Amino acid sequence: MTARLSVRELSVRFPLRGGRTVAAVTDVSFDLAPGECLALVGESGCGKSVLASALLGLLPGNARVRGAARLDGLDLLTAGEAVLARRVRGRRIALVPQSPASHLTPVRTVRSQLEETVRELTGARGPKLRGEAERAAERAAFPAGHLDRYPHQLSGGLAQRAATALALVGGAPLLIADEPTTGLDRDLVDRTVDELRRQVDAGHGLLLITHDLAAAERIADRVAVMYAGRVVELTGAAGFFGTPGPRHPYARGLLEALPERSFTPVPGMPPELDALPGGCAFAPRCDRATGACAAVPALTGARAGAVACHHAHSHAPEAADA
Amino acid sequence: MPEPAPEPTCETAPETTPEPALELRGITAGYDRREPVLREVSLTVGDGEAVGLLGPSGCGKSTLARVAALLHRPQAGTVRLAGRPAHGFHHRAPRELRTTVGVVFQQPRLAADPRLTLADLIAEPLRATGRRAEVRVRLPALAASVGLGGDLLARRPHEVSDGQLQRACLARALVLRPRLLVCDEMTAMLDASTTAALVAAVEEYRREHGTALLAVGHDRVLLERWCDRTVEFKTLLPR
């Protein structure tokens, strides 16, 4: 398992009727190494899920994609549907979905869905199939006694584990978890993300897309903050959540909105992705904005901590260790 | 504990003493008669009070919220809203009682009719209760108080984010000026900033109108920060 995901200047546009365009993802670049968890955080509607769909080749047909996303040399953006379907999805990239209740087929039991996935991805048949499916359930801490239940008979937490079990069947080196903890209570969030972290420690790369900052803090190695389709800060998780803290004003505001902190929202609302302001998209909400913000700031800095802001909070140099 | 002697009725007392916004007494409810989710649960939310109800997934807290909002008929027990007993539930709930409680659900995508614009979504309760004339007066201010600007109101649910749609659902729950607002995991789908903004909007409205709040959720830090007091769901169940 040596999957290194390398995303370069990825942009996704959706043309609308009337000539407008939704700029869902703009110039996103990052690397994800095996055994590493990168958390992609940001407000709802900032483009996080579109990015995940782009990597999986699951964008709607009207999407226009630029840039590159390579997984061990295979460009995910130009690969044909046949390649994606037979060689990538489930086998090299697995998706832990946002809403397991709607991801699972309502008319079949969890066992039946697991067995189908095991059969498709591993070719197991007969008694071996049953055993493999049960082992897959166990890996995601899904209780064997519930395998013959239908999705609607499961609590949110168990449905999430069923979906995670399905994602892990193919042994894909890269996992993309799109809001895997939405709607779960704190104990279940912790158990779900700890399970994902175990997969990371076993060598998987994990792109954790979430708005749950506590979940990100718990398991991420690095954090990418997305705002209006761009990555505005990409840095180590320990420094981001602890000291010295985020450098981008938006990232600071996002952390300060937590009820554990000052519980104050970032003023205003995110811009519409079909009507982005020129220059820095955060400037209208930013208390540090000046004339310089009329130009889009580039994401600059070392891999240990890059920020896209003309007026980023500075860190004392001695505090910026890894 | 020595009880203070009850005050003699004061001549300048307001016309009505404030009844609790919500009184649940001995509620048994669920989806299977043999295995009720709630057994003899009692809970009171005082007039203007904010109560946070905490519990893990699947414990029955949403069922309790639905009973409080007259959306689920209990097998036993009484529900009183602002002192008035509830005799019908769901579509059988009498209008004058149903309008005393507003509800915001966890998933705005499931709660909001995808065919309506946000403006119509918010105004629908007014139209449904024959108060069409108030729409033009109340809608802009209410929408602004939940942070929805003019252009957004003309859009339909698929054209807005989860956070924006939940803001509209909150405005819809408040448009009839309920005595009690029930928020069932209102912010579970939302990011930290949108959560803080929605809670601030609820609190701003409550300060102005004295609305009581029953906030159901699993985020202890959030509910403790938000509410006057929090109640553990499991303490409501018989030992």
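Worth saying up front: this structure is predicted, and the values here are computed from it rather than measured.

Draft legend 1. Molecular detail of the overall build of chain A. Summing up its helical and strand segments, chain A has ten helices and twelve strands in all. For chain A, whose C-alpha radius of gyration is 20 Å, the value lies close to the compact-globule estimate of 20 Å for 322 residues. Projected onto its principal axes, the C-alpha positions of chain A cover 70 × 45 × 35 Å. Split into buried and exposed, the 322 residues of chain A put 48% on the buried side. When contacts within chain A are restricted to residue pairs at least 6 apart in sequence, long-range pairs at least 24 apart make up 62% of them.

Draft legend 2. Highlighting the sheet that holds strand E3 (residues 50-54) of chain B. Residues and elements named next belong to chain B. Spatially, five strands are ordered E6-E7-E8-E3-E9 in an open sheet, and the strand pairing comes out parallel. Among the strands making up the open sheet, the edge pair consists of strand E6 (101-104) and strand E9 (229-232). Taking the axes of each pair of neighbouring strands and ignoring which way they run, one obtains an average angle of 20° across the sheet. Inspection of the sheet shows E3 paired to E9 by four bridges, in the parallel sense. By the bridge assignment for E9, Leu-53 is matched with Val-231. This element, helix H1 (residues 61-68), spans E3, E6, strand E7 (180-184) and strand E8 (212-217) of the sheet and lies at about 155° to E8.

Draft legend 3. Layout of the pairing of strand E4 (residues 64-71) of chain A. All names here are of chain A. The pairing of strand E1 (residues 5-15) with E4 spans seven bridges and is antiparallel. Looking across to E4, one finds that Val-12 is bridged to Val-65. Sheet analysis places E4 next to strand E5 (residues 74-75), joined by two bridges and oriented antiparallel. Of the residues in E5, the one forming a bridge with Leu-71 is Leu-74. If you look at the hairpin formed by E4 and E5, you'll find two residues sitting between the two strands, and Asp-72 has a positive phi there, around 50°.

Draft legend 4. Spotlight on the sheet that holds strand E4 (residues 76-81) of chain B. All names here are of chain B. Reading across from one edge, E2-E1-E4-E5 is the order of the four strands in this open sheet, with antiparallel pairing throughout. Looking along the sheet, the strands with just one partner apiece sit at the ends: strand E2 (38-45) and strand E5 (84-85). Relative to E4, strand E1 (residues 22-29) runs antiparallel, the two being bridged by five bridges. By the bridge assignment, Leu-22 is partnered in E4 with Leu-81. Each of E1, E2 and E4 touches H1; the most contacted strand, E1, lies at about 125° to it.

Draft legend 5. Fine view of the UniProt feature "domain: ABC transporter" (unreviewed entry) in chain A. Within this numbering scheme, the UniProt entry marks residues 7-253 of chain A as carrying the feature "domain: ABC transporter" (unreviewed entry). Between the C-alpha atoms that bound residues 7-253 of chain A there is a distance of 27 Å. The span itself is 38% helix and 26% strand.

Draft legend 6. Expanded view of the UniProt feature "domain: ABC transporter" (unreviewed entry) in chain B. If you check UniProt for "domain: ABC transporter" (unreviewed entry), the listed places come out as residues 22-238 of chain B in our numbering. Along residues 22-238 of chain B, the helical share is 37% and the strand share 22%, with 20 Å between the first and last C-alpha atoms.

Draft legend 7. Structural view of the domain arrangement of chain A. Residues and elements named next belong to chain A. According to the domain assignment, chain A consists of domain 1 (5-92 + 172-319) and domain 2 (99-171). Facing twelve residues of domain 1, the contacting portion of domain 2 comprises eleven residues. Of all the elements, helix H7 (residues 186-201) adds the most residues to the side of domain 1 that touches domain 2, at five residues. A class-by-class count of the residues in the side of domain 1 that touches domain 2 yields five nonpolar, four polar and three charged.

Draft legend 8. Just the environment of Arg-91 of chain A, in detail. Residue and element names in this part refer to chain A. Examined against the element boundaries, Arg-91 turns out to sit in the loop between helix H2 (81-88) and strand E6 (93-96). Overall, the presence of 17 C-beta atoms within 10 Å leaves Arg-91 in the partly exposed class. Between the alpha carbons of Arg-91 and Leu-196 there is a distance of 17 Å; along the sequence they are 105 residues apart.

Draft legend 9. Just the interface of chain A and chain B, in detail. Chain A puts 26 residues into the contact, and the matching count from chain B is 24 residues. Looking at the side of chain A that touches chain B, the elements with two or more residues in it are helix H6 (156-168), H7 and helix H10 (249-256) of chain A. If you tally residues by element for the side of chain A that touches chain B, the top one is H7 of chain A, at three residues. Along the lines of polarity and charge, the residues of the side of chain A that touches chain B split into eleven nonpolar, ten polar and five charged.

Draft legend 10. Just the nonpolar core, in detail. Leu-208 of chain A together with Ala-68 and Leu-214 of chain B are the most contacted members of the largest nonpolar core, which has 170 residues in total. Counting the residues that make up this core, at least three belong to each of domain 1 (5-92 + 172-319) and domain 2 (99-171) of chain A. The residues contacting Leu-214 of chain B, other than those within four sequence positions of it, are Leu-22, Val-45, Val-51, Leu-53, Ala-65, Ala-68, Leu-180 and Val-182 of chain B.

Draft legend 11. Expanded view of helix H5 (residues 126-139) of chain A. Residue and element names in this part refer to chain A. With 14 residues, H5 extends 21 Å from end C-alpha to end C-alpha; this agrees with the ideal 20 Å at 1.5 Å per step. Those residues of H5 that sit buried are Glu-132, Ala-133, Ala-136 and Ala-137. The buried residues of H5 occupy an angular sector of 140° when projected down its axis, which confines them to one face. Turned more than 90 degrees away from the buried face of H5 sit Pro-127, Lys-128, Gly-131 and Glu-138, all of them exposed. Each element contacted by the buried residues of H5 is listed here: helix H4 (110-122) and H6. Ala-141 sits one or two residues past H5 and shows a positive phi near 60°.

Rules behind the numbers
- Residues numbered from 1 in each chain as written.
- Chains lettered and ligands numbered in written order.
- Predicted model: local features only at pLDDT ≥ 70, side-chain atom pairs only at ≥ 80, totals over all residues.
- Helix = DSSP H or I, 4+ residues; strand = E, 2+ residues; numbered from the N terminus.
- Rg over C-alpha atoms; globule rule 2.2 N^0.38 Å.
- Buried ≥ 20, exposed ≤ 12 C-beta atoms within 10 Å, placed from the backbone.
- Contact = placed C-beta atoms within 7 Å.
- Pairing = 2+ DSSP bridges.
- Axes fitted to C-alpha atoms, helices over the stretch in contact; angles between N-to-C directions.
- UniProt positions renumbered as here; feature names shortened; annotations may be inferred.
- Domains from an automatic or database assignment.
- Nonpolar A, V, L, I, M, F, W, Y, C, P; charged D, E, K, R; others polar.
- Core = buried A, V, L, I, M, F, W, Y, C linked by C-beta atoms within 7 Å.
- Expected span 1.5 Å × (residues − 1).
- Arc of directions from axis to C-beta.

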